[in-house]
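What the coordinates show
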2 protein chains.
Amino acid sequence: MAITSDAYRVRPGGKVSLKKYKTDDMGEFDSKESAHPLTQKNFEKIRDLQGVMYAEGKHALLVIFQAMDAGGKDGAIQSIFTGVNPQGCRVTSFKQPSLRERKHDFLWRHHMACPPKGIIGVHNRSHYEAVLVERVKNIVPKSMWKERYEHIRVFEEMLAEEGTAVVKFFLHISKDEQKKRIQDRLNDPKKMWKFSSTDVEERQFWDDYQQAYADLLEQCSTKHAPWYVVPADHKWFRNWVISDALVRILKGLQMEFPRPEKGIENVKVV
Amino acid sequence: MAITSDAYRVRPGGKVSLKKYKTDDMGEFDSKESAHPLTQKNFEKIRDLQGVMYAEGKHALLVIFQAMDAGGKDGAIQSIFTGVNPQGCRVTSFKQPSLRERKHDFLWRHHMACPPKGIIGVHNRSHYEAVLVERVKNIVPKSMWKERYEHIRVFEEMLAEEGTAVVKFFLHISKDEQKKRIQDRLNDPKKMWKFSSTDVEERQFWDDYQQAYADLLEQCSTKHAPWYVVPADHKWFRNWVISDALVRILKGLQMEFPRPEKGIENVKVV
């Protein structure tokens, strides 16, 4: 493979038009089957690298997932992180904020959920909802959400400088693929519980959300906390891109098992 | 198999003498290999039942692990819960309490970490340390730790009545097996980081800890929150006992996928 996940990283400083990103891209693979062994290998590497991260205790990793409804956040998390020791991996799903959370600033509950050193923290939705739904539905005025991009950039930079690598995946699906997936939820008895009529109602705001995503990708993909636009119509390709990016990021931390206590060679267990 | 994990459940109301529990029991298995397919099947069932628990959102499960040093808590958690979707499984490892935690009652930080509905919460050490190390090392006076058994019983009963199933595993190893495992940590470069000289020092208190365990098992194994004494010298047998117990407990909750929204049959996705 000449192409890596880096092809899907949003370069800081450029303009973003989501129309230019194909949702059904397959990179250089010609089928699901050809990607499978590489993706499985990546899953194993993530598991092993997490083990070293836990032992070393010097770095944390924050992985953020955002997508349109039915974009595959739950599925991606299940595919990629089942297999990682849950003692070293914490998933937080952000739903509607509680009354108490609403009384705080928009970063508060997300900051609380950031992983400590040694841990991979996975956020299913994130502080980016504050420039998505809160913008599209006019929950806060433009004068407020416009300021948030910089607060987010600075917050994520602080995390990175303090030892938490930050990576963000936007799972990019087409409007047709969304329709198909919502339809699946209506037909499959094991998926029906996931269906909410708001998923259908929200489709009328598709273009507004796509614009809000384009803006946040442009504003908040930085060197220390990059965004990836992951082609996500094909779940198997989505999983390859994400797992490839995670392996590269984790390897880049150059972690190692910590040195044992001094004098360990003289210890006698009695 | 005629024997189930229930053979290792501590009956409420009886006397407990740990000497009567074999640490190297193999049940009715004659080898690791003969248990393997059953244990793997249990892991799959736990994964599937957790999926239903998450969807239904009516129950939580709190799984508590306690053991002597090197008793296999980390290993058991890794073996049994890797493979469960981490979005539905939260592991909390309790180390030395922080200054802030010490200013609260002994249940406080453990209560904070209890799983919400839909989630399996795994506690690596627990509020039982308040009647273990705090007793053995005279951190609190006897007049205080003696009262804690009832507070624990009532607390766990409250959890159960409010929808959280509670199950507790004491991983029971022999003093010789502990010696062997500490020695392993000294010899294996990938395990050295786990070695702490306090593990060796604590061995002189072995009998005191065993007595403290016997007392808490006797005092706090209840109908709504049973203790299991898991023979844990053989890791594979430990994993079978725990996984068998978890499958039975999860099945007993009789969970099902929730009904879909009303009118779902008339929904048109446009």
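Above this text sits the structure in question.
My aim in this report is to walk through the structure given alongside it, one point at a time. Since we're looking at a predicted model, the values are computed, not measured.

1. A look at the interface of chain B and chain A
Taken together, the 39 residues of chain B in the interface contact 39 residues of chain A. Interface area, chain B with chain A, both sides summed: about 3500 Å², of which 63% is carbon and sulfur. Contact with chain A buries area across many residues of chain B, yet Gln 87, Trp 193 and Val 269 of chain B alone supply 20% of it, more than any other trio. Our enumeration of links across chain B and chain A arrives at 8 residue pairs in polar contact (both at pLDDT 80 or more). Of all the elements in the fold, those that place two or more residues in the side of chain B that touches chain A are helix H1 (32–56), helix H2 (73–81), strand E2 (89–93), helix H7 (175–187) and helix H8 (197–201) of chain B. In the side of chain B that touches chain A, the residues fall into 21 nonpolar, 10 polar and 8 charged.

2. Here we look at the relation of the copies chain B and chain A
Rotating chain B by 180° about the axis while translating it 0.0 Å along that axis superimposes it on chain A, leaving an RMSD of 0.0 Å. Such a combination of turn and shift is consistent with a two-fold rotation axis. It is Gly 83 of chain B whose C-alpha, among those of chain B, lies nearest the rotation axis, at 2.5 Å. A shared binding surface is used by both copies, with 100% of the interface residues of chain B retained as interface residues in chain A.

3. Looking at the sheet that holds strand E4 (residues 164–172) of chain A
Strand pairs in the sheet, formed through backbone hydrogen bonds, run parallel or antiparallel to each other. Residues and elements named next belong to chain A. If you walk across this open sheet you meet the 5 strands as E2-E3-E1-E4-E5, and the pairing is parallel. Each edge of the open sheet carries a strand with a single partner, namely strand E2 (89–93) and strand E5 (227–231). Averaged over all adjacent pairs, the angle separating strand axes in this sheet is 20°, with direction ignored. The pairing of strand E1 (residues 60–67) with E4 spans 8 bridges and is classified as parallel. Bridging from a neighbouring strand, Leu 62 pairs with Val 166 of E4. The strands that helix H2 (residues 73–81) touches are E1, E2, strand E3 (120–124) and E4; relative to E1, the one it contacts most, it runs at about 145°.

4. Remarks on helix H6 (residues 142–161) of chain A
All names here are of chain A. The end-to-end C-alpha separation of H6 is 30 Å, in line with the 28 Å expected for 20 residues at 1.5 Å each. Largest kink in H6: about 25°, centred on Tyr 149. Every buried residue of H6 is accounted for by Trp 145, Arg 148, Tyr 149, Ile 152, Phe 155, Glu 156 and Leu 159. Each element contacted by the buried residues of H6 is listed here: E1, helix H4 (108–112), helix H5 (133–136), E4 and helix H9 (206–220). Looking one or two residues beyond H6, the residue adopting positive phi is Gly 163, at roughly 110°.

5. What about the packing of helix H1 (residues 32–56) of chain A against helix H10 (residues 235–252) of chain A?
Residue and element names in this part refer to chain A. The contact between H1 and H10 brings their axes to 9 Å, and the two run at 35°. Crossing of H1 against H10: the hand is left-handed. For the pair H1 and H10, the contacting residues are Lys 32, Ala 35, Leu 38, Thr 39, Asn 42, Phe 43, Lys 45, Ile 46, Leu 49 and Met 53 in the first and Trp 236, Asn 239, Trp 240, Ser 243, Asp 244, Leu 246, Val 247, Leu 250 and Lys 251 in the second. In terms of residue class, the contact of H1 with H10 is made up of 11 nonpolar, 4 polar and 4 charged.

6. Things to note about the packing of H6 of chain A against H9 of chain A
Residues and elements named next belong to chain A. Here H6 crosses H9 at 45°, and the two axes come no closer than 10 Å. By the angle class used here, H6 and H9 are oblique. Considering only the axes of H6 and H9, their crossing is right-handed. Residues Tyr 149, Ile 152, Arg 153 and Glu 156 of H6 lie in contact with H9, whose contacting residues are Asp 215, Leu 216, Gln 219 and Cys 220. Taken together, the residues of the contact of H6 with H9 sort by class into 4 nonpolar, 1 polar and 3 charged.

7. A short note on the sheet that holds strand E1 (residues 60–67) of chain B
All names here are of chain B. Strand order across the open sheet formed by 5 strands is E2-E3-E1-E4-E5, with parallel pairing between neighbours. In the strand order of this sheet, the two ends are held by E2 and strand E5 (227–231), each with one partner. The sheet shows a mean angle of 20° between the axes of neighbouring strands, taken without regard to direction. Sheet analysis places E1 next to strand E3 (residues 120–124), joined by 5 bridges and oriented parallel. For Val 63, the partnering residue across the bridge sits in E3 and is Val 122.

8. Some words on unusual backbone geometry
Of note in the backbone geometry, Asn 138 of chain A takes a positive phi value of approximately 55° without being a glycine. Residue position: Asn 138 of chain A is located in the loop between H5 and H6.

9. Regarding the side chain of Thr 222 of chain B
Residue and element names in this part refer to chain B. The topology assignment puts Thr 222 in the loop between helix H9 (206–220) and E5. You can call Thr 222 buried: its relative accessible area is 13%. Separated by 3.1 Å, the side chain of Thr 222 and the backbone nitrogen of Ala 225 make a polar contact. With residues near it in sequence (within four places) discarded, Thr 222 still touches Pro 12 and Arg 153.

10. Let's talk about the side chain of Arg 181 of chain A
Looking at where Arg 181 of chain A falls in the secondary structure, it is placed in helix H7 (residues 175–187). In contact with Arg 181 of chain A, other than residues within four places in its own chain, are Ala 70, Gly 71, Gly 72, Ile 173, Ala 232, Asp 233 and Lys 235 of chain A.

11. Overview of the environment of Pro 97 of chain B
Residues and elements named next belong to chain B. As for its placement among the helices and strands, Pro 97 is situated in the loop between E2 and helix H3 (99–102). For Pro 97 and Arg 109, which are 12 residues apart along the polypeptide, the C-alpha to C-alpha distance reads 8.6 Å. Among residues more than four places away in sequence, those in contact with Pro 97 are Arg 102 and Arg 109.

12. Some points on the pattern of salt bridges
Residue and element names in this part refer to chain A. Inspection of every chain in the model, using the stated rule, returns 32 salt bridges over all chains. With a closest N to O distance of 3.5 Å, Arg 125 and Asp 69 form a salt bridge. A residue pair is termed long-range when its members are at least 10 positions apart, and Arg 125 in the loop between E3 and H5 and Asp 69 in the loop between E1 and H2 qualify at 56 residues. The partly exposed category is assigned to Arg 125, whose relative accessible area is 24%.

About the thresholds
Residues numbered from 1 in each chain as written. Chains lettered and ligands numbered in written order. Predicted model: local features only at pLDDT ≥ 70, side-chain atom pairs only at ≥ 80, totals over all residues. Heavy atoms only, no water. Contact = heavy atoms within 4.5 Å. Buried area = accessible area lost by both parts, 1.4 Å probe. Polar contact = N/O pair within 3.5 Å; in protein donor to acceptor, adjacent residues only side chain to side chain. Helix = DSSP H or I, 4+ residues; strand = E, 2+ residues; numbered from the N terminus. Nonpolar A, V, L, I, M, F, W, Y, C, P; charged D, E, K, R; others polar. Least-squares fit on C-alpha atoms with pLDDT ≥ 70 in both. Pairing = 2+ DSSP bridges. Axes fitted to C-alpha atoms, helices over the stretch in contact; angles between N-to-C directions. Expected span 1.5 Å × (residues − 1). Bend = angle between axes of the 7 residues up to and from the residue. Buried < 20%, exposed > 50% of the residue type's maximum accessible area, 1.4 Å probe, protein only. Left-handed = near helix turned anticlockwise from the far one by under 90°. Parallel < 35°, antiparallel > 145°, perpendicular 65-115°, else oblique. Salt bridge = Lys/Arg side-chain N within 4 Å of Asp/Glu carboxyl O.

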